[in-house]
There are 2 protein chains.
Amino acid sequence: MSIAAFAEQAVTSADKTFLQLRVDIVEGTIPAGSKLSETELSTKYQVSRAVIREAINRLESCHLVERKANVGARIVSLTPEGLIQLYQVREALEGMAARLAAKNMSDEEIADLTSLLDNHFQTVKGGESYYQEAGDLDFHYRIILGSKNQHLIEVLVNGIYHLIRMYRVQLGMAGPRVTTAFDEHKNVVQAIANRDEELAEMLMRRHILYSKNNIERKLLQS
Amino acid sequence: MSIAAFAEQAVTSADKTFLQLRVDIVEGTIPAGSKLSETELSTKYQVSRAVIREAINRLESCHLVERKANVGARIVSLTPEGLIQLYQVREALEGMAARLAAKNMSDEEIADLTSLLDNHFQTVKGGESYYQEAGDLDFHYRIILGSKNQHLIEVLVNGIYHLIRMYRVQLGMAGPRVTTAFDEHKNVVQAIANRDEELAEMLMRRHILYSKNNIERKLLQS
DNA sequence: AAGCTTCATTTTGTCGACAATAATAGCTGT
DNA sequence: ACAGCTATTATTGTCGACAAAATGAAGCTT
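Residues numbered from 1 in each chain as written. Chains lettered and ligands numbered in written order. Predicted model: local features only at pLDDT ≥ 70, side-chain atom pairs only at ≥ 80, totals over all residues. Heavy atoms only, no water.

J.: Which residues make up the protein's contact with DNA strand D, and what values do they have?
T.: Neighbouring residues of DNA strand D: 22 residues in total, closest Ser13 and Ser48 of chain A together with Lys35, Arg49 and Arg53 of chain B. Backbone atoms, meaning sugar and phosphate, make up 71% of the atoms of DNA strand D lying within 4 Å of the protein. In this structure, a base nitrogen belonging to DNA strand D sits 2.8 Å away from a side-chain N or O atom of arginine 49 of chain B. Of all the elements in the fold, those that place two or more residues in the surface near DNA strand D are α1 (13–26) and α3 (49–61) of chain A together with β1 (35–36), α2 (38–44) and α3 (49–61) of chain B. At three residues, the largest contribution of residues to the surface near DNA strand D is made by α3 of chain A. Here the residues of the surface near DNA strand D are counted per class, giving eight nonpolar, eight polar and six charged. (Near = heavy atom within 4 Å. Polar contact = N/O pair within 3.5 Å; in protein donor to acceptor, adjacent residues only side chain to side chain. Helix = DSSP H or I, 4+ residues; strand = E, 2+ residues; numbered from the N terminus. Nonpolar A, V, L, I, M, F, W, Y, C, P; charged D, E, K, R; others polar.)

J.: Describe in detail the sheet that holds strand β3 (residues 72–75) of chain B, supporting the description with residues and values.
T.: All names here are of chain B. Taking strand neighbours across the sheet as the criterion, the three strands line up as β1-β3-β2 in an open arrangement whose pairing is antiparallel. Only two strands of the sheet have a single partner each, and these edge strands are β1 and β2 (65–68). Alignment of β2 against β3, held across four bridges, turns out to be antiparallel. Counted as the bridge partner of valine 65 is isoleucine 75 from β3. (Pairing = 2+ DSSP bridges.)

J.: Tell me what's going on with α3 of chain A, and back it up with residues and numbers.
T.: Here α3 of chain A is 13 residues long and its end C-alpha atoms lie 19 Å apart, about the 18 Å a rise of 1.5 Å per residue gives. Of the positions making up α3 of chain A, those classed as buried are Val51, Ile52, Glu54, Ala55, Ile56, Asn57, Arg58 and Leu59 of chain A. (Expected span 1.5 Å × (residues − 1). Buried < 20%, exposed > 50% of the residue type's maximum accessible area, 1.4 Å probe, protein only.)

J.: Run through the packing of α3 of chain A against α3 of chain B, naming residues and quoting values.
T.: Two numbers describe how α3 of chain A lies on α3 of chain B: the axes approach to 10 Å, and their chain directions differ by 20°. Judged by the angle between their axes, α3 of chain A and α3 of chain B are roughly parallel. The hand of the α3 of chain A/α3 of chain B crossing is right-handed. On α3 of chain B, the residues touching Arg53, Glu54, Asn57 and Ser61 of chain A of α3 of chain A are Arg53, Glu54, Asn57 and Ser61 of chain B. Tallied by class, residues from the contact of α3 of chain A with α3 of chain B come to no nonpolar, four polar and four charged. (Axes fitted to C-alpha atoms, helices over the stretch in contact; angles between N-to-C directions. Parallel < 35°, antiparallel > 145°, perpendicular 65-115°, else oblique. Left-handed = near helix turned anticlockwise from the far one by under 90°. Contact = heavy atoms within 4.5 Å.)

J.: Which residues make up the protein's contact with DNA strand C, and what values do they have?
T.: If you check the shell around DNA strand C, you find 20 residues, and the closest are Lys35, Arg49 and Arg53 of chain A together with Ser13 and Ser48 of chain B. Here DNA strand C approaches the protein such that, of its atoms within 4 Å, sugar and phosphate make up 72%. Between lysine 35 of chain A and DNA strand C, the recorded distance is 2.8 Å, taken from a side-chain N or O atom to a phosphate oxygen. Here arginine 67 of chain A contributes a side-chain N or O atom positioned 3.3 Å from a phosphate oxygen of DNA strand C.

J.: Just give me the short version of the side chain of arginine 90 of chain B, but keep the residues and values in it.
T.: All names here are of chain B. Looking at the element boundaries, arginine 90 is found in helix α4 (residues 80–104). In this structure arginine 90 comes out as buried when scored by relative accessible area, which is 3%. Within the structure, arginine 90 has its side chain in polar contact with the side chain of glutamate 94 (distance 2.6 Å). At a separation of 3.1 Å, a polar atom in the side chain of arginine 90 contacts the side chain of tyrosine 161. In this view, arginine 90 contacts Gly95, His140, Tyr161, Ile164 and Ile208; residues no more than four positions away in its chain are not counted.

J.: Outline the pattern of salt bridges, listing residues and values.
T.: Throughout the structure, instances matching the rule amount to 34 salt bridges over all chains. In this structure, the salt-bridge partner of arginine 53 of chain B is glutamate 54 of chain A, at a minimum N-O distance of 3.2 Å. With arginine 53 of chain B in helix α3 and glutamate 54 of chain A in helix α3, the pair connects residues from two separate chains. Taking the relative accessible area as the measure of exposure, arginine 53 of chain B reaches 28% and is therefore partly exposed. Glutamate 54 of chain A sits in the buried class, given a relative accessible area of 8%. Put simply, glutamate 201 of chain A and arginine 99 of chain A hold a salt bridge, and the shortest N to O gap is 2.4 Å. Of this pair, glutamate 201 of chain A sits in helix α9 (residues 197–221) while arginine 99 of chain A sits in helix α4 (residues 80–104), and the two are 102 residues apart along the sequence. The exposure classification of glutamate 201 of chain A matches that of arginine 99 of chain A, with both residues buried. Among the ionic contacts, a cluster of salt bridges with common partners joins Asp15, Glu54 and Arg58 of chain A together with Glu38, Arg49, Arg53 and Arg67 of chain B. (Salt bridge = Lys/Arg side-chain N within 4 Å of Asp/Glu carboxyl O.)

Structure follows, in structure tokens:
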């Protein structure tokens, strides 16, 4: 199982438009902070305004755009403050996810997770450090899903992670932190394997906190 | 300031319909688990299907209804498991909120919060135990807002709290826990006043955990 | 020249009709 | 009688047009 398992399948036209728009927003094709004109988008994406409106509504529930009545929708603007706040929420939620994963993941899921980390280790040792983007995501997603908590999964996977990715792409954070992050991952998995809820949560929180500090440092540099 | 400060003001017709529908769902006027027919609702509320659809979309972002493409929307069904999961998320988020409140609340806000608790104390001492519903909410809302974290506020105030209220109303949990809860509140505020982030988070988490355990006990009784 | 009012234009909100999909009932064949 | 298929019905999805509100420009007043 890869993170491709999360590829939502679009059945309606509004689905496709929503997914397309989300990509365009996250990747910055449509710049952050800009206004979303319904008529403009409806001609651009070749769908009716109703479809666009529905797509925008869904984007709003992801916190990717903000709407004001009788005025319109604009893409959220990216601020250092906003990113910090995002990481605070992420720390709380993923910490809890790790705790619940330690309680709820099946032995088989844990084994899979362990072997996943082994693969990453081979890759990292092999000198390639593409790690961060795919591997890191895979690691975090499995633990989030492992929590078996529907609300947690929803908020993190459909909400926060897209926003974080938007920050990462647009503020350019391909970041190092590869090898150190790997050790942190290893320790979290070990705690989960030991069914140590307390420790799993604490380690995950620290992992995310380090990541936040790392990003904060970068932001202040530029 | 009271919690009435959160009364969202409805400007468009979709706003009003959304708010009305939310009340009807939370209060159980429309029973949990039932299907939401667009045409039916549009005649019932005297608005076009377009505004019903928009309202349903927003209800979906609150996690009060679930939609399936080409099939329709139904109100979420209330399960003990779901309530437990909700409290897990709440514990994580409000714990973080208390931590951030200890860091970010102004001295004046803290003073207000303290005097609020004093008022509650007078009321509780006076024998009336209406406490829980209004007072408890006021306490928690202030701390959530005190975190100054927009994401936290959004998820808790617009999402989780309505769901929790739905559970409380429909599964009938006017709950005691008045006096003990009051002491817990007092300790949390004390920690915030001392700017002790660590302790504030821990105490808030325990407070919510106790509350969860209390509810779990009741669920198993019935 | 600055500020206010008024009017034109643009954009969002709402509506009813049509298209497409899913659920249902009835029919047919074995 | 039952299973499977087909046609009918009901419901959701999509569209274009109209209504209402906000933005921006022009003209007037001071």
